[in-house]
Amino acid sequence: MNRVHSGKQRKCRFSVENYCKGAHSHKVLQGVGRCGYCSKIFIDAGQPTPASHPQECRKADDAHLVNEGELTPGITCEEYVSRRKRLLELLPENCLAIIASAPVKMMTDVVPYTFRQDADYLYITGCQQPGGIAVLGHEFGLCMFMPESHPHDVIWQGQIAGVDTALDTFQAEKAYPMSKLKEILPGMMGRSSKLLHNVKTATPTYMDLEAFRNAASSGQVQDLSVCTDELRWVKSPAELKLLRESASIACQALLQTMLHSKTYPYESMLSAKVEYECKMRGAQRMAFNPVVGGGPNASVIHYSRNDQKVKDGDLVLMDIGCEFHGYLSDLTRTWPPCGFFSAAQWELYDLILETNKECVELCRPGTSIQEIHHYSTEKLRHGLKELGILKGKRNIYQSYHQLNPTNIGHYLGMDVHDCHSLGTDRPLKPGVVITIEPGVYIPSFFDGPERFRGIGIRIEDEVLITETGYEVLTGSLPKEVKHIEALLNNFCHGMNAESQNRKMRAE
């Protein structure tokens, strides 16, 4: 397939192999910049590359930089090319796939929210900037329509990736400036019998084209996520390495936050602490706003206010995750910042912990999230009846659903609820990552034993399905009662001793 720059055929193909050598002698296509780590001239791709972050200038422990041969940290050029080939194999003959980048969302008229690239666009192109549209077809491979750089924008926002970068860095077969889209894309659509597009990032830029409207009116437009979710469901070894690191960062951050909680039992401080610890360990952002529910706030499943003090003797539930180079973590722990579980808290916690461990044991190739969910609901219903929280046989299912309306887990990857178009009834395969997160959420007004009212507990782990069973990616974070209590009380003893030493020195 020929590679085209602004409608003209290029005389030579810039190969993946040549790019991956990372030579610094390439012509500067997008502009001249100075590397923050050395003085060599490099191609500004609008995101880190091996050229802009060279190996010889890199600290051994720096997790933010791109290795030779990688297009984005941890993912090679070849893997991105392979993903496109596999997507084309899934597309019907004479079908066109259109994937727009994520839009920039504004907080105010001049202040944008932090940009996060759409997972499908990043998965296929490796491009981390907004403003582009990728088109894939059997006839030409990958064609990228790229935003155009204007001097005013460069002054305010910096250099962006354009047509040359699409060809030389992202390895597109064709590339055009966005101003050419209305001229080029309708012809591509007209020659296709079916259009698949990313519904989540669909934009009037192509949806308002007559060719797209005609295809939509005749029922020839479908959601591309059916194909991309299939590709993203089973993770490659490189993706699993990033997911393991994301889980490790989150575990370390939440552990430090647990230790912090006895001295600073405030939801807002615990939220700030876990975000700080994640980012200091290399995470680019949180996967979602941390859930920090103290006392009865823990019974609100997606509580997000995080503005209360955790009362002495109450539990705090923290559901957190971070993003490490496009791959997310998601885990939950519940503990008493005071250092000890009450009898009622321990009884409920023990039930949830036992359910968590038994559901993890069920994780293996061939089973499904739905099957694990059915097991968990039976286990929890039986346990809650034994504790006197659920009573009688009539409406017991409805009463249980009020205390736990959630599923036992979900797929995890580039999105928190990854591969949303795939059902939870499909048999799991090696390389799939899921969460196991049993819980119970008893509101203060619940008509049941008073000692259990206002208690919310969830224990969530990330589980990788392997050839022989499973691997718990979040297994380093304590969840046994004895381990949590020992951790909190031994740590606080050390803190008190240090405080006493400072006091004595001051005197």
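Bear in mind the structure is a predicted one, so any value in this text is a computation, not a measurement.

Basis of the calculations
The written sequence of each chain sets the order in which its residues are numbered from 1. Since the coordinates come from a predicted model, pLDDT governs what is reported: local features require at least 70, and pairs of side-chain atoms require 80 or more to be given and counted, while whole-chain, interface and lining totals use all residues. Only hydrogens and water are removed before side-chain values are computed, so all heavy atoms of the structure are retained for them. For each structure, a 1 Å grid was placed over the protein atoms alone; sets of points admitting a 1.4 Å probe that cannot get out are labelled cavities, open sets with protein on both sides within 12 Å along at least five of seven lines are labelled pockets, and lining residues have an atom within 4 Å of a point. Grid points are joined across faces, edges and corners, and a volume is the space filled by probe spheres set on the points. A run of DSSP states H or I qualifies as a helix once it reaches four residues; a run of E qualifies as a strand once it reaches two. Both are numbered from the N-terminal end. Each residue gets one label: Ala, Val, Leu, Ile, Met, Phe, Trp, Tyr, Cys and Pro are nonpolar, Asp, Glu, Lys and Arg are charged, and the others, such as Gly, are polar. We call two strands paired when DSSP finds no fewer than two bridges between them. N or O atoms closer than or at 3.5 Å make up a polar contact, with two conditions inside protein: a donor-capable atom paired with an acceptor-capable one, and, for residues adjacent in sequence, both atoms drawn from side chains. When checking whether two residues touch, look at their non-hydrogen atoms; a contact exists if any pair is within 4.5 Å. Each Phe, Tyr or Trp ring (for Trp, its six-membered ring) is paired with any other whose centre lies within 6.5 Å, and the angle between the two planes then decides the class: stacked below 30 degrees, edge-to-face above 60, tilted in between. Relative accessibility under 20% of the residue-type maximum defines a buried residue, over 50% an exposed one, and the middle range a partly exposed one, all with a 1.4 Å probe and only protein chains included.

Caption draft 1: The arrangement of empty space enclosed by the protein in detail. Enumeration over the complete set of coordinates arrives at three cavities of 30 Å³ or more. Of the volumes computed, that of the second largest cavity is approximately 50 Å³. Taken together, His373, Ser376, Thr377, Leu380, Tyr400, Asn404, Thr406, Asn407, Ile408, Glu437 and Pro438 form the lining of the second largest cavity. Of all the elements, helix H13 (residues 369-386) adds the most residues to the lining of the second largest cavity, at four residues. Its residues placed into classes, the lining of the second largest cavity shows four nonpolar, six polar and one charged.

Caption draft 2: Structural detail: the pairing of strand E11 (residues 194-197). Looking at chain direction, strand E7 (residues 95-100) and E11 are connected through four bridges and run parallel. Across the sheet, Cys95 pairs through a bridge with Lys194, a residue of E11. In terms of strand pairing, E11 meets strand E12 (residues 221-223) through three bridges, oriented parallel. Paired with Leu196 across the bridge in E12 is Gln222.

Caption draft 3: Looking closely at the side chain of Thr125. Following the sequence through the fold, Thr125 ends up in helix H3 (residues 119-125). Side-chain polar atoms of Thr125 contact the backbone oxygen of Tyr121, separated by 2.7 Å. A polar side-chain atom of Thr125 sits 3.0 Å from the main-chain amide nitrogen of Cys127. When sequence neighbours within four positions are dropped, the list of residues in contact with Thr125 reads Leu71, Tyr80, Arg84, Ala134, Met144 and Phe170.

Caption draft 4: Quick peek at the packing of aromatic side chains. The tally for this structure, following the rule as stated, stands at four aromatic pairs. Ring centres of Phe145 and Tyr176 lie 5.6 Å apart, and the angle between their planes is 25°; this geometry places the pair in the stacked category. On the criterion of sequence distance, the pair formed by Phe145 in strand E9 (residues 141-146) and Tyr176 in strand E10 (residues 174-177) is long-range, its members being 31 residues apart. Given the relative accessible area of 0%, Phe145 is considered buried. With 4.9 Å between their ring centres and 55° between their planes, Phe341 and Tyr349 make a pair best called tilted. Classification of Phe341 by relative accessible area gives buried; the value is 11%. Taking the relative accessible area as the measure of exposure, Tyr349 reaches 0% and is therefore buried.

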